[in-house]
Amino acid sequence: MTAPVLTLLCPLAGAAVLALAGRHLPRRVAEVVAVAVVLAGFVAACAAWAGFDGQSRILHLASWFSVGHLAPSFSLKLDALSLLMALMVSGVSALIHFYSVAYMRRDQGFVRYFCYLNLFVFSMQTIVMADDLVFLFLGWEGVGFCSFALIGFWSEDAANVAAGRKAFILTRIGDVAYLVALALIVTSLASTSLTELNARAGLLAPDMVTLLGLLFLFAACGKSAQLPLLVWLPDAMAAPTPVSALIHAATMVTAGVYLLMRLAPMISLSPAAMLAIAAIGALTAFFAACAALAQHDVKRVLAWSTVSQVGYMFLGLGAGDLTGSFFHLLVHAFFKSLLFLGAGCMITAMHDDHDIFRMGARLRRHAPGVFAAMVMGACALGGVPPAGGFFSKGRILFAAFTAPGLAERLLWVLATAAALLTVLYAFRLVFVAFFGQPAGQGGPEALAPVPKLMLAMLWPLALLALAGGALNLPGEAPWSGWLGHVLAGVPGVAALPEDNEALVSALDALISLAGLLLAWRLWGPKNLMDWRRPAALAPRVHAFFLSGWKLDALYLAAVARPYQALALWLWRDVDGRGLDGLALGAANLAGNASRSLRRLATGRVTATLVMFALGLALILLIFSVRAA
Amino acid sequence: MSDWFYLLPQAILCAGGLAALGLGAVLLRPAPGLQLGGALLFLAAAGAIVLALPAAGPVLDDMLAFDGIVRFYQLLILGSAGLSLLFASRYASLRGLAGDELYALVLFATLGMLLLAGAANWVIFVLGLELFTLCLYVLIALDRGRRTSLEAALKYFVPGAAAAGCLIFGVALIYAATGSLDLASSLASTAAGDVASFGPGLAGLALILLGVGFKLALAPFHLWAPDVYQGAPAPVAAFLATGSKVAVYAALLRLVAALPADAWQALAPVFWLLSAATLLAGSLPALTQTRVKRLLAYSSVAQMGYLLLALLAYPAAGPAPVMFYAAAYVLMDLGAFGSLGLLSPVSGDLDALEGFAGLGRTRPWPAAVLAVSLLSLAGLPLTMGFVGKFVVFVAVVRAGYPVLAGIGILGAVVAAGAYLRVLGALYFGRPVHAGQGQPPGPAAYVALGLVGALIVLLGIVPGPLLGLLR
C-alpha cells in the first residue's frame, strides 16, 4: 500500500526541495524537479488504481496528537471514489505543470510558483484521501493558502493581492462552519474518522444530522464558490492562467462537493440537508450562467462557468445521485482545464489581453489549433452530443427530474434553463473570440506565437473532454455505466430509476443544439456588425449580469461597510480612548505607588529596625485576635 | 547504618573549608584553578553522599531530619554554592578578591545552610542559620577597598544581630512554654489548647517569624535588601539571594508541616498578610528603579512573596509547588546576578540602566543568559519561571486564596514592566562604551550554559521534575 502514500508525499517532497534549496538551483533543474514529483505522483496514483481490488480500506499512517476525546491521526481512506479522484487530480496536475513550464518561461518568480503549485497538489491529495477530518482540514486549509498565495502571485499589483485576500477571507468564512461541525462531531461521537462518522451517523439525533449537513454544506459553499459565498472566484482570475486551470477549475473548487460526497451516507439521512444542497446547486448554476453570459474577459467567462458547473454537481448530489455528480466532476475537470489552458494560449497570443471583443477572426487564422481545442471544450461545456458534458450534465438533469419531490422538479426546470444559457455563453465565447472583427478596438497589432509545449498539452485534455462520456455511457450495453459499476461499493451511492431517461436526454440534446443555433444567430459571423446587439438592447440588464447580479456591491454595503465602521469605532474609541486610557492610567498609578514605596528604603538602619517593631506588633496582634 | 553517616556531607564541607584555609597557609599564592577545583570537588562529594544516603526519620537524637524534601533542598543548596563559585572565581581573581577566605567561607556557609535545611531541633536551626549568616557578613564585605561593600555588610549586620536576638528569644519562649527543643513536638504541644503553653508558644513563634522574615527579606522586614544587594559583589549577591533563602524555606516548610491545625489557623492570616505585602513591596518599587542591582533586589523580595504563597498553599496542595518554585528561583537569580557580574567592568559592578545599553550585541552570551533569567523572573512562557508561577497560582487558587493569587498576578505584571526596561536597554540601546568587562573564562561559561539551558529546558519540559517532586 505504498503507492497512495507516494501519491501524497512526492509533491510534498518537491515543495520542500524548492522551498529550501530552490534559490540555488538553475531554472531548468527547478522545473524538472517540480514536474518530476507531480509525474511521480501520477504514476503512483496509476499504480494505486491498478492495485485496487474493490475493497475499501483505511490506511493508518501515524497518530497525530491526543487531547481528551480528540485523537486525530494521519489516516487515508482508499476506495474507488478517492483513488479515482486522486488519479484525476494527479493527471491534470501533471499536464498543467508541463504547461506551466512554458507559460511561466519569462517569469523570475518560478521557484515560488512551482513550490506553491507542488504544495497545492499535496494539500489537494490530502483532501482527496484523508479519512480523518482533522487531517482533511490540514489539506483543506493548505489548498486555501496555496490558492491565496497564487492568486496574489504577481504581487506588484495591489489588485491581485486584494483578490487573493478576498478569496482567502470568503473561504475562511466557510471554514468556520467546518470547525463547528468538527467540534460537534468530536463531542457527540468522540471520533474524527470519516468512516466512523458515516457508519455511526444513524445513532445521532436527526436534527444533529441536518445541522452537520448544513454546516458542511456551508463550508463546501466557501471552497466551491457556491451561493452565497461565490464572489471570490471571478476575482481569483488574477492568478496565472495555469493556476486558474488547476486550482480554480479542475480541483480545488470541486473539493467542497467532493467533501459532501465523502459525507453522503451521513447527509443522505437528512432530506432537508439534501434538498438544501440541491437548491444551492441549481440556483448557483442559473445565477452564474447569467453572469457568464455578460462577461468580456475570457477568464471571467470561464470562472462564472466553473461556478455554474459546480452548481450542477451540487444539484446532482442533492438529488441523491453521487455517481452522476462525480461523473460530472471528472468530465468538468477535463473540459474546464482544457478551456483554461486554451484561454492561456489565447492570452499569450494577444500579449496578455483578456478581452474577447478585441480578439476576432485573426486569432483563428493565427492559431487554428487553439481554435479547434476551444471548440471542443465549448462542445463539452455546452453539452453538445456526443461530447462528454452531454452525458454527465444529462445524467444530473435526469437525476433531478426523477427525484420524488415537487421542489426537485422545479430545480430541474431551473437547471434546464441554465443548460440553455450554458451553451449560449460557451459559443458566444467561441464566436466572438474567433469570428469577430475587432477593428479599432485597441488590440495588439501583431499576434505573438504560442509555445509548442502549451499547445501540446491541449490535446490529451481535448480527447478526455470529448470522450469523457465513455466513463459512464447510458444504456444496457456491456461498455456502458462503467463508473456506476466501479463506484457501486462506495457508501452513499444509489442507482437511478430507468424510465423516461430517453425523453430527458432527447430534451437535453435539443436544448443544446437549439442554443448552438441561437448563439450562431446572435454572435455568429453573419452578424459581424451588430454582435453587440444583445448587450445594446438591454444595457442595464447587461451591466447587472456583468457585475455578477451586483452581489459584490450588496456584500460591500450590507457586510463590509458596517463591519468597517464597527472596527473603526472599536479601534479609535474603545481601544484608543477607552482601553489605552485605562492602561496608561493604571501604569501611572503603579508608577506613583512605586515611587512612594521606594521612599521607604531610606538606607538608614533605624528605618529597618522600626519596621521590625511594627511587623512584630502586627504579627502579635493577629495572633492574639486569632487565639482569642 | 550508623546515624553518624548523616553528618558526612556536613563533615566533608567542614573539611573542605579547613582545607581551603590551610592551602592559603601553605602556599603563598594558590592557583585560582586549584582553589576552585578543590572547592567544587568537596561540594560534589557532599552532593554525592546526599544523593546516596537513604531517607530516614529524625536521626542523631532527633537533631537532623533527612527525607526526600530535605535531600532536594540540600542538593539545591549545594548546586547554588557550586554555580556561585563558578561565577565568582574569575570575577574575584580579576579584582584581587580571590583569597582563601572566599572559598572557605562559601563552604562554611553551605555547611550552615545544609544544617538549617535538615534541622529537626531548634538548636540546630539557630546554629545553622547563624553559621551561614556570619559567613555572609564577611563575604559581603569581601571587597574591603570599596566603601559600598563595607556599608552593605554593616547594614546586613546590625538588623541581622537584632533579628538573631529576637529569633533566639523566640526559641527560648517556646522552650519555656513546652519544655522541648524538638521542632515538631514543641510545636505540637503548643496546640494542646491550654492557655499557659499556647500564648507564650505563639509569642515565640512571632519572634521566630521576625528572625526568619529578616533572612528572607519578607516585607516589612525587607528594607535592608536593596542596599545590601547593591553593595555586595555580584556573585556574592547571587549566593546570598539563592542559597540562604532556599535553606530558610526548607526549614520553614518543615515548620509548617509540623504545625497543628489550630496553630495553623492563627499563622495562615499572618502568612497571607506577609505574602501580600511582600509581593507589592517587591514588585512596585522595582517598576521605577533605574539601578539594576537594586531592581534585582526588589525582584528577589517579590520572588520571596511567591514562595510564601506556595507555602501558604502547602497544606492543601503539598510541597511540589514550593519546591519547584524554589528551584526556578535559584536558577533565575543565579543567572541574573551571575551574568551581571560577568558583564561588569573591573572598576565596579554595573548598576545604572544606561550601562547595560547595547550589551546584547557586544557581549551576546552573558547578556543572553541575563535576558533569559529576566524573562523567567517575569514569568514568560517557555521559561521555568512561567511554569513555577503557574503551578503556584494553581495551588493558591485551589487552597482557597483567590485574592492573593490576584495580587500575585498583579505583581507579576508590574514587575514584568521593570524587567522589560532592562531587556530593552540590553537589546535596543546603543552601546555606550565598547569592550567593558573581561571575557568570562571557561568556568563562568559552564555556569552560564547550565543556568540558561536549565531555565529553558525545564520551562519547556517541566513534567519530569514536577513528577519527581510529587
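Reading the values: the criteria
- Residues numbered from 1 in each chain as written.
- Chains lettered and ligands numbered in written order.
- Predicted model: local features only at pLDDT ≥ 70, side-chain atom pairs only at ≥ 80, totals over all residues.
- Heavy atoms only, no water.
- Helix = DSSP H or I, 4+ residues; strand = E, 2+ residues; numbered from the N terminus.
- Buried < 20%, exposed > 50% of the residue type's maximum accessible area, 1.4 Å probe, protein only.
- Contact = heavy atoms within 4.5 Å.
- Areas by Shrake-Rupley, 256 points an atom, 1.4 Å probe, with all protein chains shown as cover.
- Buried area = accessible area lost by both parts, 1.4 Å probe.
- Salt bridge = Lys/Arg side-chain N within 4 Å of Asp/Glu carboxyl O.
- Polar contact = N/O pair within 3.5 Å; in protein donor to acceptor, adjacent residues only side chain to side chain.
- Nonpolar A, V, L, I, M, F, W, Y, C, P; charged D, E, K, R; others polar.
- Patch = residues over 30% accessible without salt bridge, like charges linked within 9 Å, V, L, I, M, F, W, Y side chains within 5 Å.
- Expected span 1.5 Å × (residues − 1).
- Arc of directions from axis to C-beta.
- Phe/Tyr/Trp six-rings, centres within 6.5 Å; stacked < 30°, edge-to-face > 60°.
- Lys NZ or Arg CZ within 6 Å of the ring centre and 35° of its normal.
- Core = buried A, V, L, I, M, F, W, Y, C linked by side-chain atoms within 4.5 Å.
- Bend = angle between axes of the 7 residues up to and from the residue.
- Axes fitted to C-alpha atoms, helices over the stretch in contact; angles between N-to-C directions.
- Parallel < 35°, antiparallel > 145°, perpendicular 65-115°, else oblique.
- Left-handed = near helix turned anticlockwise from the far one by under 90°.
- Disulfide = S-S within 2.5 Å.
- Lys, Arg positive; Asp, Glu negative; His and termini not counted.

Undergrad: I tried to follow the overall build of chain A on my own but got confused; where do I start?
TA: For chain A, the helix and strand inventory stands at 26 helices and two strands. Across the 628 residues in chain A, those meeting the buried criterion constitute 55%. Taking all contacts inside chain A whose residues are at least 6 apart in sequence as the whole, residues at least 24 apart take part in 81%. Taken as a whole, chain A presents about 25,000 Å² of accessible surface, with 69% of it coming from carbon and sulfur.

Undergrad: What should I look at first to understand the overall build of chain B in this one?
TA: Tallying secondary structure elements over chain B gives 20 helices and two strands in all. For chain B, buried positions account for 64% of its 470 residues. Summarising the internal contacts of chain B: among those between residues at least 6 apart in sequence, 81% fall at separations of at least 24. Element-wise, carbon and sulfur atoms account for 72% of the exposed surface of chain B, whose accessible area totals about 15,700 Å².

Undergrad: I keep staring at the interface of chain B and chain A and nothing clicks. Help me out?
TA: Often the size quoted for an interface is simply the accessible area lost on bringing the parts together. Taken together, the contacts link 34 residues of chain B with 25 residues of chain A. Both sides together, the interface formed by chain B and chain A hides about 2,600 Å², and carbon and sulfur atoms give 81% of it. Contact with chain A buries area across many residues of chain B, yet B:Leu223, B:Leu284 and B:Thr288 alone supply 22% of it, more than any other trio. Summed over the shared surface of chain B and chain A, the number is zero salt bridges. Inspection of the chain B/chain A interface yields five residue pairs in polar contact (both at pLDDT 80 or more). Only α6 (147-178), α8 (195-216), α9 (224-231), α11 (261-287) and α12 (292-312) of chain B provide two or more residues apiece to the side of chain B that touches chain A. When residues of the side of chain B that touches chain A are assigned to their parent elements, the largest contribution, eleven residues, is made by α11(B). When its residues are assigned to classes, the side of chain B that touches chain A shows 28 nonpolar, three polar and three charged.

Undergrad: I tried to follow a nonpolar patch on the surface on my own but got confused; where do I start?
TA: Residues and elements named next belong to chain A. A grouping of Trp-64, Phe-65, Val-67 and Leu-138 is seen on the molecular surface, where their side chains present a nonpolar patch of about 350 Å² in accessible area. Counting through the fold element by element, Trp-64 comes out in the loop between β1 (57-63) and β2 (73-78). By relative accessible area, Trp-64 is classed as partly exposed at 33%.

Undergrad: Honestly, helix α1 (residues 8-26) of chain B in this entry has me stumped. Any pointers?
TA: Count 3.6 residues to each turn of an α-helix, and residues three or four apart come out pointing the same way. Residue and element names in this part refer to chain B. Taking 1.5 Å of rise per residue, the 19 residues of α1 would be expected to cover 27 Å, and the 26 Å separating its terminal C-alpha atoms lies within 8% of that figure. Here α1 has its buried residues at Pro-9, Gln-10, Ile-12, Leu-13, Gly-16, Gly-17, Ala-20 and Gly-24. An end-on view of α1 places all buried positions within 165 degrees of arc, on one side of the element. What points out from α1, more than 90 degrees from its buried face, is the exposed set Leu-18, Ala-25 and Val-26. Tucked inside the fold, the buried residues of α1 contact α2 (32-52), β2 (64-66), α3 (68-94) and α4 (100-117).

Undergrad: Just to check I follow, could you spell out the environment of A:Val423 for this structure?
TA: Residue and element names in this part refer to chain A. Mapping Val-423 onto the fold places it in helix α19 (residues 406-435). Here the alpha-carbon distance between Val-423 and Gly-383, two residues 40 residues apart in the chain, equals 7.0 Å. When neighbours within four sequence positions are excluded, Val-423 is seen to be in contact with Gly-382, Val-384, Ile-511, Ser-512, Gly-515 and Leu-516.

Undergrad: Looking at this model, I keep getting lost on the environment of B:Thr242. Mind explaining?
TA: Residue and element names in this part refer to chain B. Tracing the sequence through the fold places Thr-242 in helix α10 (residues 234-258). Taking the C-alpha atoms as reference points, Thr-242 and Ser-84, 158 residues apart in sequence, are found 9.2 Å from one another. Here the side chain of Thr-242 touches Ser-80 through a polar contact of 3.0 Å, side chain to side chain.

Undergrad: How should the packing of aromatic side chains be read in this particular structure?
TA: Evaluated as defined, the whole model comprises 43 aromatic pairs over all chains. When the ring of A:Phe435 is compared with that of A:Trp520, the centres are 6.0 Å apart and the planes differ by 80 degrees; the resulting orientation is edge-to-face. Taken as a pair, A:Phe435 in helix α19 and A:Trp520 in helix α22 (residues 501-523) lie far apart in primary sequence, 85 residues in all. Taking relative accessible area as the criterion, A:Phe435 reaches 18% and is therefore assigned buried. Look at A:Trp520 and you get partly exposed, because its relative accessible area is 35%. Measuring from ring centre to ring centre gives 6.0 Å for B:Tyr306 and B:Phe393, while their planes differ by 75 degrees; the resulting arrangement is edge-to-face. Of the two residues, B:Tyr306 sits in helix α12 while B:Phe393 sits in helix α17 (residues 384-398), which places them 87 residues apart along the sequence. The ring of B:Tyr91 is capped by B:Arg95, whose NZ or CZ atom sits 3.7 Å from the centre of that ring. Looking at B:Lys389, its charged tip hangs above the ring of B:Tyr306, at a distance of 4.7 Å from the centre.

Undergrad: Would you explain the nonpolar core in this entry?
TA: A general feature of soluble globular proteins is that nonpolar side chains tend to end up buried together. Within the largest apolar cluster, 199 residues are counted, with the highest numbers of intra-cluster contacts made by A:Phe623, B:Tyr73 and B:Phe125. Counting residues per element, this core draws most heavily on helix α14 (residues 320-343) of chain B, at 18 residues. Non-local contacts of A:Phe623, meaning those with residues more than four positions away in its chain, are made with B:Leu202, B:Leu205, B:Ala206, B:Leu209, B:Ala266, B:Leu267 and B:Val270. Of all hydrophobic cores here, the second largest spans 192 residues; its members include A:Leu227, A:Met252, A:Leu341 and A:Ile356.

Undergrad: What am I meant to see in unusual backbone geometry here?
TA: Of all residues except glycine, most have a negative phi; of all peptide bonds, most are trans. Between A:Leu227 and the following residue, A:Pro228, the backbone shows a cis peptide bond with an omega angle of 0 degrees. Mapped onto the secondary structure, A:Pro228 falls in the loop between α8 (206-223) and α9 (232-235). Of note, the bond from A:Pro385 into A:Pro386 is cis; its omega dihedral lies within 30 degrees of zero at 5 degrees. Inspection of the secondary structure assignment puts A:Pro386 in the loop between α17 (368-382) and α18 (388-402). The phi angle at B:Ala217 is positive, at roughly 60 degrees, despite the residue not being glycine. Looking at the element boundaries, B:Ala217 is found in the loop between α8 and α9.

Undergrad: How should the pattern of salt bridges be read in this particular structure?
TA: Residue and element names in this part refer to chain A. Enumeration according to the criterion identifies 22 salt bridges over all chains in this entry. For the salt bridge of Asp-355 with Arg-358, the shortest nitrogen-to-oxygen distance reads 3.8 Å. Here Arg-358 falls in the partly exposed class, since its relative accessible area comes to 25%. As a salt-bridge pair, Asp-573 and Arg-577 come within 2.6 Å of each other at their nearest N and O atoms.

Undergrad: Where do I start with helix α6 (residues 158-189) of chain A in this structure?
TA: Residue and element names in this part refer to chain A. Compared with the 46 Å implied by 1.5 Å per residue over 32 residues, the 46 Å span of α6 between its first and last C-alpha is a close match. The sharpest bend along α6 comes to roughly 25 degrees, located at Ile-173. Structurally, the start of α6 carries an N-cap: the backbone nitrogen of Ala-159 is 3.1 Å from a side-chain oxygen of Asp-157. Ala-190 sits one or two residues past α6 and shows a positive phi near 55 degrees.

Undergrad: For this particular structure, what's the right way to read the packing of α11(B) against helix α18 (residues 402-428) of chain B?
TA: Helix-helix packing: each pair is described by the crossing angle between the helix axes and the interaxial distance. Residues and elements named next belong to chain B. One way to put it is that α11 packs onto α18 with a least axis distance of 8 Å and a crossing angle of 20 degrees. Judged by the angle between their axes, α11 and α18 are roughly parallel. Along this stretch, α11 crosses α18, giving a crossing that reads as left-handed. On α18, the residues touching Trp-272, Ser-275, Ala-276, Leu-279, Leu-280, Ser-283, Leu-284, Ala-286 and Leu-287 of α11 are Val-403, Leu-404, Ile-407, Gly-408, Gly-411, Val-414, Ala-415, Gly-417, Ala-418 and Arg-421. When grouped by side-chain class, the residues that make up the contact of α11 with α18 number 13 nonpolar, five polar and one charged.

Undergrad: Just checking my understanding: could you explain the state of the cysteines for this structure?
TA: What we call a disulfide is simply a covalent bond connecting the sulfur atoms of a pair of cysteines. In total, this model carries zero disulfides over all chains according to the counting rule given. For the unlinked cysteine A:Cys115, the closest cysteine sulfur is that of A:Cys146, found at 8.1 Å.

Undergrad: Would you take a moment to explain the side chain of B:Arg363 for this structure?
TA: Residues and elements named next belong to chain B. With respect to the helices, strands and loops of the structure, Arg-363 is situated in the loop between α15 (359-362) and α16 (364-378). Despite its burial, Arg-363 pairs with no opposite charge; the closest candidate is Asp-349, at 11 Å N-O. Only 3.3 Å separates the side chain of Arg-363 from the backbone oxygen of Leu-342, close enough to count as a polar contact.

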